Amino acid sequence: MRVDALTSTLEQRVLLNDLDLNLHMNNGRFLTVCDLSRVDLFIRTGLLALMLKQKWAPIIVRHTMDYKKPLRPFQKYTVSMSITRWDEKYFYATHQFLSRGKVVAEGESTAVLLGREGVVPPAKVIEAVTARQNGTAVERR
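Note that the coordinates shown come from a computational prediction; the quantities given were computed from them, not determined experimentally.

Visitor: Could you give an account of the nonpolar core, with specific residues and numbers?
Guide: The biggest cluster of nonpolar side chains holds 17 residues, and the ones touching the most others in it are Leu-47, Leu-50, Met-51, Trp-56, Ile-83, Leu-113 and Val-125. Elements supplying a minimum of two residues to this core: α1 (27-45), α2 (47-54), β3 (76-86), β4 (91-99) and α3 (122-133). Looking at which element gives the most residues to this core, the answer is α3, with 4 residues. With residues up to four places along the chain from it excluded, the contact list for Leu-113 reads Leu-47, Met-51, Trp-56, Ala-57, Pro-58, Gly-118, Val-119, Val-120 and Val-125. Within the second largest apolar cluster, 14 residues are counted, among which are Val-14, Leu-19, Val-33 and Ala-105.

Visitor: Talk me through the pattern of salt bridges; I want residue IDs and the actual numbers.
Guide: Throughout the structure, instances matching the rule amount to 6 salt bridges. In this structure, Asp-18 and Arg-29 form a salt bridge, with 2.5 Å as the shortest nitrogen-oxygen distance. Residue Asp-18 is located in the loop between β1 (7-13) and α1, and its partner Arg-29 is located in helix α1; the two are separated by 11 residues in the primary sequence. A residue is classified by how much of its surface remains accessible, and Asp-18, at 1% relative accessible area, is buried. For Asp-35, the salt bridge identified is with Arg-38, shortest N-O distance 2.3 Å. Here Arg-38 and Asp-35 lie together in helix α1, a separation of 3 residues that amounts to about one turn. Asp-35 gets classed as partly exposed once you look at its relative accessible area, which sits at 38%. Using a relative accessible area of 10% as the deciding quantity, one classes Arg-38 as buried. Residues participating in the shared-partner salt-bridge network are Arg-62, Arg-85 and Glu-108.

Visitor: Break down the pairing of strand β5 (residues 102-115) for me, with residues and values.
Guide: Looking at chain direction, strand β2 (residues 57-67) and β5 are connected through 10 bridges and run antiparallel. Its bridge partner lying in β5, Ala-57 is registered against Leu-114. Across 9 bridges, β4 lies against β5 in antiparallel orientation. Residue Phe-91 lies in a different strand from β5, and its bridge partner there is Ala-111. Between β4 and β5, which pair antiparallel in sequence order, lie 2 residues; one of them, Arg-100, sits at a positive phi of approximately 55°. Two strands pair when backbone bridges link them, and β5 and strand β6 (residues 118-120) are joined in this way by 3 bridges, in the antiparallel orientation. Opposite Gly-115, over in β6, you have Gly-118 as the bridge partner.

Cut-offs and rules
- Residues numbered from 1 in each chain as written.
- Predicted model: local features only at pLDDT ≥ 70, side-chain atom pairs only at ≥ 80, totals over all residues.
- Heavy atoms only, no water.
- Core = buried A, V, L, I, M, F, W, Y, C linked by side-chain atoms within 4.5 Å.
- Buried < 20%, exposed > 50% of the residue type's maximum accessible area, 1.4 Å probe, protein only.
- Helix = DSSP H or I, 4+ residues; strand = E, 2+ residues; numbered from the N terminus.
- Contact = heavy atoms within 4.5 Å.
- Salt bridge = Lys/Arg side-chain N within 4 Å of Asp/Glu carboxyl O.
- Pairing = 2+ DSSP bridges.

Now the structure itself:
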């Protein structure tokens, strides 16, 4: 996955352990699925290997979610996550849950990568991922 196409899409199904007392997907499970989509992106871009090597830790500093429709037991859904932008400190991602062609939930998260010296600037992360993808691994500590 190239850094110019930072999107993850996962096909899922609501399982029994995803349910709350109202027999629909628990709001906390939506956030866990957002985590899974981030990990998918980390793996497919090569960022996970860089994080392990550099001892960078991904930290979500803010997450919002709007719930529009319930997801019922065994219902199929798709979750998409896209890194939409970054600035000097933060990465910003949008999350969208779809089922039967309708949006059931949407959210946004703000994240940093934390290294030994503090927050790793997103520009440095993108540079390192791009270098790794191009086989010119210019990984700096």
